Each structure stands twice: as C-alpha cells, then as structure tokens.
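Listed here are the chains, written in short residue letters.
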Amino acid sequence: MRILLAYSTAVDRFNTWVGWIANWLVLFSCLISAGNAFSRYLFNASSNAWLEIQWYMFGAMFLLGASYTLNRNEHVRVDLVYGGVSTRTQIWIDLIGGILFLLPATVIIGWLSWPMFMNSYMIGEVSTNAGGLLRWPIKICVPIGFLLLTLQGLSEIIKRIAALQGHPELLIKYEKPLQ
C-alpha cells in the first residue's frame, strides 16, 4: 500500500500543478477578452483569432482543471443520498463509482479522442473562420485531460481503499453545499 500511496501523492502533486496552470488560464483569458474589446471599440480592429484563443483557453481550463477538481473533492455530484450517509458509506460510494463509472468513461473517452487529435495534427487542421487558429493544440487537450483525470481517478481509488484500511486522514472531507 505504501507504493500505491506514493503514486497517489505524486499524481496529486502533479495535478495540483496542472490545476495551478488552469487557474492562470482564467486570468489570461480575461485579459485577452478585455484587450480584444478594447481594440475593437477603440481602434475598430479585431480578429477571430482573439475569440478563438479565448475558447481554446476555456476548453483547456475545463479539461486540464478537471483532475485538480477531482483531487480537491470539489466535483459535481448528485447529492440525493451521499450527504446523508456515514463517512464509511461515502467512501464505498466513491470507490464503487470510481471503478464502475469514472475509470471506464475516462479511459474510453481518452482513447477515442487520440485519433481525433492525430487526424487534426496530420492534416494541419485550421479553423474555418477568417484569421482562425490551428485546431490540434486544443484537440490535444482532450486526451491529455482525460489521461490526467484517469490518473487522478486511480489516485482517489487508492486513497479510498487506504481509508477503508484505517487511513481516513488521506481524504479531503466532503462538504455539503449550502442551499
């Protein structure tokens, strides 16, 4: 279990770093948006590339930030049952959900997204908008994002198993949202 927990710690640290990058993309996207609006209204000059880079950054924020969000236990969950059960039952729900739903979905989507990226890269796909950008840089974020989410899912499963074996300090406590 010690080796698995070392893996989990390494994945958590890496995804925290990736999450930090995703957080900075929020600021950069806002600055580009403001700069584009400023240039459009003040100088009557703009480009579709400015709009597309904002969308690329939004996509990268979402895809790269998902693993960090899972790591922090701040992902969206349907709280019909989860918040009203014991911590041990919550751990079991997370463990079973991770094994039966999260991992298969992330592996399948990540696997199926690789040919989409490769095709875009090989043909040099460019946006059809005037002044548009290359498409492959955002398309590579899909398999990378799902790889990171798969690795984080494995990390969370390891932590849940360790918690069931007597190490609950490894888990970030779930806080039911105020409603």
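Residues numbered from 1 in each chain as written. Predicted model: local features only at pLDDT ≥ 70, side-chain atom pairs only at ≥ 80, totals over all residues. Heavy atoms only, no water.

Engineer: Tell me what's going on with the overall build of the protein chain, and back it up with residues and numbers.
Structural biologist: Within the protein chain, the regular secondary structure consists of five helices and zero strands. Taken from N to C terminus, the helices and strands of the protein chain fall in the order α-α-α-α-α. Relative to its length of 179 residues, the protein chain is extended, with a C-alpha radius of gyration of 20 Å against a globular reference of 16 Å. For the protein chain, the proportion of its 179 residues judged to be buried stands at 36%. Long-range contacts, defined as pairs at least 24 residues apart, comprise 73% of the intrachain contacts of the protein chain with a sequence gap of at least 6. Total accessible area computed for the protein chain in this model is approximately 11400 Å², and 71% of it derives from carbon and sulfur atoms. Charge centroids of the protein chain, computed over 12 positive and 9 negative side chains, lie 2 Å from each other. (Helix = DSSP H or I, 4+ residues; strand = E, 2+ residues; numbered from the N terminus. Rg over C-alpha atoms; globule rule 2.2 N^0.38 Å. Buried < 20%, exposed > 50% of the residue type's maximum accessible area, 1.4 Å probe, protein only. Contact = heavy atoms within 4.5 Å. Areas by Shrake-Rupley, 256 points an atom, 1.4 Å probe, with all protein chains shown as cover. Lys, Arg positive; Asp, Glu negative; His and termini not counted. Charge placed at Lys NZ, Arg CZ, Asp CG, Glu CD.)

Engineer: Requested: an account of unusual backbone geometry, with residues and values cited.
Structural biologist: Glycine aside, the phi torsion of most residues is negative, and most peptide linkages are trans. Positive phi is not limited to glycine here, since Asn 44 has a value of about 55 degrees. Along the chain, Asn 44 turns up in the loop between helix H1 (2-43) and helix H2 (48-71). On the accessibility criterion, Asn 44 (71% relative accessible area) is exposed.

Engineer: Now, about the side chain of Thr 150: what can you tell me, with residues and values included?
Structural biologist: Within the secondary structure, Thr 150 sits in helix H5 (residues 141-164). If we ignore the near neighbours within four places in the chain, the residues touching Thr 150 are Leu 103, Thr 106 and Val 107.

Engineer: I'd like a rundown of H5, residues and numbers included.
Structural biologist: The terminal C-alpha atoms of H5 lie 34 Å apart, and with 24 residues this matches the ideal 34 Å at 1.5 Å per residue to within 8%. Counting buried positions along H5 yields 19 of 24 residues, so the element is predominantly enclosed. Phi turns positive, to about 110 degrees, at Gly 166, one or two residues after H5. (Expected span 1.5 Å × (residues − 1).)

Engineer: I'd love a proper account of the packing of H2 against H5, names of residues and values included.
Structural biologist: Helices that pack against each other are described as a pair by the angle of their axes relative to one another and the distance between those axes. With their axes 8 Å apart at the nearest point, H2 and H5 run at an angle of 5 degrees to one another. Judged on the interaxial angle alone, H5 and H2 are roughly parallel. Here Ala 60, Leu 63, Leu 64, Ala 66, Ser 67, Leu 70 and Asn 71 of H2 come into contact with H5, specifically with Cys 141, Val 142, Ile 144, Gly 145, Phe 146, Leu 148, Leu 149, Gln 152, Gly 153, Glu 156 and Lys 159. Each residue belonging to the contact of H2 with H5 can be placed in one class, and the counts come to eleven nonpolar, five polar and two charged. (Axes fitted to C-alpha atoms, helices over the stretch in contact; angles between N-to-C directions. Parallel < 35°, antiparallel > 145°, perpendicular 65-115°, else oblique. Nonpolar A, V, L, I, M, F, W, Y, C, P; charged D, E, K, R; others polar.)

Engineer: How would you sum up the confidence of the model for the protein chain? Please name residues and give values.
Structural biologist: Detailed reading of the predicted model is not advised wherever pLDDT is low. Counting all residues, the mean pLDDT for the protein chain is 89, and 94% of those residues have values of 70 or more. At the level of individual helices and strands, the protein chain shows its lowest average pLDDT in H2, which scores 91, and its highest in H5, which scores 95. (pLDDT = per-residue confidence, 0-100.)

Engineer: Go over the packing of helix H3 (residues 87-123) against H5 with me, naming the residues and quoting the values.
Structural biologist: With their axes 8 Å apart at the nearest point, H3 and H5 run at an angle of 160 degrees to one another. When the axes of H3 and H5 are compared, the pair comes out roughly antiparallel. The chirality of how H3 crosses H5 is left-handed. When grouped by side-chain class, the residues that make up the contact of H3 with H5 number 20 nonpolar, six polar and three charged. (Left-handed = near helix turned anticlockwise from the far one by under 90°.)

Engineer: A description of the pattern of salt bridges should follow, citing residues and the corresponding values.
Structural biologist: Applying the stated criterion to the full structure yields five salt bridges. Note that Lys 159 and Asp 12 form a salt bridge whose closest N and O atoms lie 2.9 Å from each other. Of this pair, Lys 159 sits in helix H5 while Asp 12 sits in helix H1, and the two are 147 residues apart along the sequence. Both residues of the pair, Lys 159 and Asp 12, belong to the buried class. Across the pair Lys 159 and Glu 156 runs a salt bridge whose closest N-O atoms are separated by 2.8 Å. Of the two residues, Lys 159 and Glu 156 both sit in helix H5, three residues apart, roughly one turn of that helix. The exposure class of Lys 159 is buried, given its relative accessible area of 7%. You can call Glu 156 buried: its relative accessible area is 8%. What you see here is one network of salt bridges that share partners, running through Asp 12, Asp 94, Glu 156, Lys 159 and Arg 160. (Salt bridge = Lys/Arg side-chain N within 4 Å of Asp/Glu carboxyl O.)

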